[in-house]
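Chain and residue survey
The residues making up each chain are set out below.
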Amino acid sequence: MKNHLLEIDSVQKTFDNKNILSDVYLKCETKDIIGLLGRNGSGKSTLLKIIFGITYADFKFVRIDGNVKAKTKDLLDEISYLSQDNSIPNVFSVKKAIQLSVPKERILEFCADEIIVTMLEKKVSHLSGGELRYLEIKIILNNSSKFVLLDEPYNGLSPLMVEKVNELVFENSKTKGIIISDHNYENVIKVSNKLVLLKEGKAHHLLCKEELVDKGYLKEGML
Ligand SMILES: Nc1ncnc2c1ncn2[C@@H]1O[C@H](COP(=O)(O)OP(=O)(O)OP(=O)(O)O)[C@@H](O)[C@H]1O
């Protein structure tokens, strides 16, 4: 299987004359699980939305395998994005949501999952917050895109569900590059193989998790 490379370069973003991102560079290859960390308001969601193309940047370059992708529509087949909000319409049954999102030949395998099995007869509107998050994550990781951006995937998940999500992320990283942003830093550190800290508009590419303390994101003893 061919490996792919996503590069985001020179990202500049201001909101109301305030610099949110300045000259951010990020690189994600197939098999990367990049943990994107940063304090509240540091610009993590903004950066993910800019990469996906749903928030305009004042300036940016997005390249996939060396080819510049100037238009959002050029990225639709290449990058998937899990937003902080529910993305599956509430009117659907779980089965319908799966049928509409998962290729036919993969539905059986998709539904064999011990957590998915328990929700198959339900409506999306009747799922708990954690069940819905799991379904969304599994659907997004199952599509054919080369890169996946996960914004706060652990939100509302119990510890066992977090473990299941980490298994999904790990399994899918064999064929995709994944960027994961969440305040559950312990799990981000656990699942990722690279760490990037957003601080004062800059992306810091960390060599080890201890730099999270050195750079003031965590306090001594929190690791
Ligand atoms: N549409 C907008 N208009 C004005 N300011 C915005 C807008 N979206 C985000 N911001 C500001 O940009 C900054 C970065 O926001 P962003 O949501 O990217 O941060 P974050 O790191 O994801 O934060 P959190 O961890 O709290 O979710 C914040 O100061 C926020 O108030």
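On a predicted model such as this, the values are computed, not experimentally measured, just so you know.

Moving on: the UniProt feature "domain: ABC transporter" (unreviewed entry) in the protein chain. Using the residue numbers shown here, the UniProt feature "domain: ABC transporter" (unreviewed entry) corresponds to residues 6-223. Between the end C-alpha atoms of residues 6-223 there is a gap of 29 Å, over a span that is 30% helix and 28% strand.

Right, let's get into the pattern of salt bridges. Tallied over the full model, the rule gives 15 salt bridges. Residues Asp65 and Lys2 are paired through a salt bridge, measuring 3.8 Å at the closest nitrogen-oxygen approach. Placement of the pair is Asp65 in the loop between strand 4 (59-64) and strand 5 (67-68) and Lys2 in the segment before strand 1 (5-15), with a sequence separation of 63 residues. What makes Asp65 partly exposed here is its relative accessible area of 29%. Put simply, Lys122 and Glu131 hold a salt bridge, and the shortest N to O gap is 3.3 Å.

Right, let's talk about the environment of Tyr56 for a bit. Looking at the element boundaries, Tyr56 is found in the loop between helix 1 (44-52) and strand 4. Expressed as a C-alpha distance, the spacing of Tyr56 and Gln12, which sit 44 residues apart in the sequence, is 9.8 Å. Not counting chain neighbours up to four residues away, the residues in contact with Tyr56 comprise Lys13 and Ile50.

Where a strand is regular, its side chains alternate between the two sheet faces. Counting buried residues along strand 3 (residues 33-38), six of its six residues qualify, which places the element largely inside the surrounding structure. Neither face of strand 3 is exposed, since Ile33, Gly35 and Leu37 on one face and Ile34, Leu36 and Gly38 on the opposite face are all buried. Where strand 3 lies against strand 9 (residues 194-199), five bridges are found, and the strand directions are parallel. Counted as the bridge partner of Gly35 is Leu195 from strand 9.

Calculation criteria
Residue positions are given per chain, counting from 1 as you read along its sequence in written order. Where local features are concerned, this predicted model is filtered to residues with pLDDT of at least 70; where side-chain atom pairs are given and counted, the filter is 80 or more; whole-chain, interface and lining totals use all residues. Based on all heavy atoms of the structure, the side-chain values leave hydrogens and waters out of the count. UniProt positions are given in the numbering used here, feature names are shortened, and annotations may be inferred rather than shown by experiment. Strands are runs of DSSP state E lasting at least 2 residues, helices are runs of H or I lasting at least 4, and numbering of each runs from the N terminus. Between Lys or Arg on one side and Asp or Glu on the other, a salt bridge is scored when a side-chain nitrogen of the former is within 4 Å of a carboxyl oxygen of the latter. For each residue, the accessible area found with a 1.4 Å probe, counting protein chains only, is set against the maximum for its type, and the residue is called buried under 20%, exposed over 50%, and partly exposed in between. Should any heavy atoms of two residues lie within 4.5 Å, those residues are considered in contact. Two strands pair if DSSP finds at least two bridges between them.

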